[in-house]
Amino acid sequence: MTESDTYLRNPTLECIASRHRRECLLALNRWGSTLPLKQLAAYLAATEQETSSLGTTEIEAMQVQLTHIHLPALESANFISWKEDDDVVQIATHPALNDPRFEQLLKIDADDVDAILSALSHEYRRITLTVLEAEQTKSRTELAHEIRHRLPETAHRELPSAEEIGLLLHHVHLPTLDEIDVIDFDPATDDVSFNDHPVLERIFAIIFERDDSAVEKLDGFLEGLADSYQEASRGTNSKADWPHFWNDPYYG
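Now for a description of the structure that goes with this document. Source: prediction; values computed, not measured. (Residues numbered from 1 in each chain as written. Predicted model: local features only at pLDDT ≥ 70, side-chain atom pairs only at ≥ 80, totals over all residues. Heavy atoms only, no water.)

Here we look at the overall build of the chain
So, point 1. When helices and strands are counted, the chain shows 12 helices and six strands.
So, point 2. Taken across its 252 residues, the chain has 46% of its residues classed as buried.
So, point 3. In the chain, the proportion of contacts linking residues at least 24 apart, taken out of those at least 6 apart, comes to 61%.
So, point 4. Split by element, the accessible area of the chain, about 13200 Å² in all, is 45% carbon and sulfur. (Helix = DSSP H or I, 4+ residues; strand = E, 2+ residues; numbered from the N terminus. Buried < 20%, exposed > 50% of the residue type's maximum accessible area, 1.4 Å probe, protein only. Contact = heavy atoms within 4.5 Å. Areas by Shrake-Rupley, 256 points an atom, 1.4 Å probe, with all protein chains shown as cover.)

A short note on the sheet that holds strand β2 (residues 80–81)
So, point 1. If you trace the three strands from one edge of the open sheet to the other, you get β1-β3-β2, paired in antiparallel fashion. Of all the strands in the sheet, just β1 (34–36) and β2 have a single pairing partner and so form its edges.
So, point 2. Pairing analysis gives three bridges linking β1 to strand β3 (residues 88–91), with the strands arranged antiparallel. Along β3, the bridge assignment pairs Thr 34 with Gln 90.
So, point 3. Contacts from helix α3 (residues 37–49) reach β1 and β3, with the element oriented near 80° to β1. (Pairing = 2+ DSSP bridges. Axes fitted to C-alpha atoms, helices over the stretch in contact; angles between N-to-C directions.)

Some thoughts on the packing of aromatic side chains
So, point 1. Within this structure, the stated rule accounts for two aromatic pairs.
So, point 2. For the ring pair Phe 79 and Phe 102, a centre distance of 5.6 Å and an interplane angle of 20° mean the geometry is stacked. Linking Phe 79 in the loop between α4 (56–76) and β2 with Phe 102 in helix α5 (residues 100–107), this pair joins segments that are 23 residues apart in sequence. Both residues of the pair, Phe 79 and Phe 102, count as buried.
So, point 3. The ring centre of Trp 31 lies 5.5 Å from the NZ or CZ of Arg 30, which sits over that ring. (Phe/Tyr/Trp six-rings, centres within 6.5 Å; stacked < 30°, edge-to-face > 60°. Lys NZ or Arg CZ within 6 Å of the ring centre and 35° of its normal.)

Quick word on the state of the cysteines
So, point 1. Tallying each qualifying case throughout the model produces zero disulfides.
So, point 2. The thiol of Cys 15 is not disulfide-bonded; the next cysteine sulfur, from Cys 24, is found 9.2 Å away.
So, point 3. Take Cys 24: its relative accessible area is 1%, and that puts it in the buried class. (Disulfide = S-S within 2.5 Å.)

Section: the pairing of β3
So, point 1. Alternating residues of β3 divide into Val 89 and Ile 91, all buried, and Val 88 and Gln 90, none buried.
So, point 2. With two bridges joining them, β2 and β3 adopt antiparallel strand pairing. Each residue of the ladder has a partner; that of Ser 81, found in β3, is Gln 90.
So, point 3. Counting the residues in the hairpin turn of β2 and β3 gives six residues.

As for unusual backbone geometry
So, point 1. A positive phi angle, close to 70°, is found at Gln 136, a residue other than glycine.
So, point 2. When you line up the elements, Gln 136 lands in the loop between α7 (123–135) and β4 (137–139).
So, point 3. What makes Gln 136 partly exposed here is its relative accessible area of 36%.
So, point 4. Of note in this structure, Asp 181 is not a glycine but carries a positive phi near 70°.
So, point 5. By the element assignment, Asp 181 lies in the loop between α9 (162–179) and β5 (183–186).

So, a negative patch on the surface
So, point 1. Among the surface-exposed residues, Glu 84, Asp 85, Asp 86 and Asp 87 lie close enough to one another that they form a single negatively charged patch.
So, point 2. On the secondary structure map, Asp 87 appears in the loop between β2 and β3.
So, point 3. With a relative accessible area of 56%, Asp 87 lands in the exposed category. (Patch = residues over 30% accessible without salt bridge, like charges linked within 9 Å, V, L, I, M, F, W, Y side chains within 5 Å. Salt bridge = Lys/Arg side-chain N within 4 Å of Asp/Glu carboxyl O. Lys, Arg positive; Asp, Glu negative; His and termini not counted. Charge placed at Lys NZ, Arg CZ, Asp CG, Glu CD.)

A few points about helix α6 (residues 113–120)
So, point 1. Where α6 is concerned, the buried positions are Val 113, Ile 116, Leu 117, Ala 119 and Leu 120. End-on, the buried residues of α6 take up no more than an arc of 160°, which puts them together on one face.
So, point 2. Where α6 is buried, its residues touch α1 (11–15), α2 (19–31), α7, α9 and α10 (198–208). (Arc of directions from axis to C-beta.)

Points about the sheet that holds β4
Pairing between the strands of a sheet comes from backbone hydrogen bonds, and it takes one of two forms, parallel or antiparallel.
So, point 1. An order of β4-β6-β5 is seen for the three strands of this open sheet, with the pairing classed as antiparallel. Only two strands of the sheet have a single neighbouring strand rather than two, namely β4 and β5. Averaged over all adjacent pairs, the angle separating strand axes in this sheet is 15°, with direction ignored.
So, point 2. With three bridges joining them, β4 and strand β6 (residues 191–194) adopt antiparallel strand pairing.

Written out as structure tokens, the structure is:
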């Protein structure tokens, strides 16, 4: 990730693209806002080993992973409050934790959910997948223009050209999506087509599923986040327009 595209990355989705971090948040939601570090490590180790009969070695190994990898990442994304010399982990006030859709994302259980959530953490790939889900097939050039059209305008930076976006699609983003089998990308023809993938379909269903009260639900969801985000939220009538929660980084 370069400095220039940091604003295109969603730290919330990047953070939960790890089963251990999702399990940490679920545990904190389930058992209380504050948990002893050792208890959290024991729970994650038991979940990973699929057994409650654990030795000290497994728990200590998980505690090392937590202190050096997962807890710093969760704290950086504003999900928890934790210091390295503390023996407790406390949940923070990230607005996503009050959203039922977010909890559903945390509960998805599949081998490739980490890779798909990681892919969705970049704006170019989110737009690519939502456009293709609706239209099934596009050329790389068409996708580049769609992405540029949908990028939020800002006074602080100039939007990249469609040609620049197209190059990044060709060399970075489309191969990444092709590798996890959510699209088929043919570099020779520049054609890109959508692949039905059960995990991606589940995520789309969580975020975009509509019923008669969908607009009211979305308005209430966005209203609840407005106080915690730098930009005012807005509704959407299109699957290609993700709610601001998935587009705008959370800075607390």
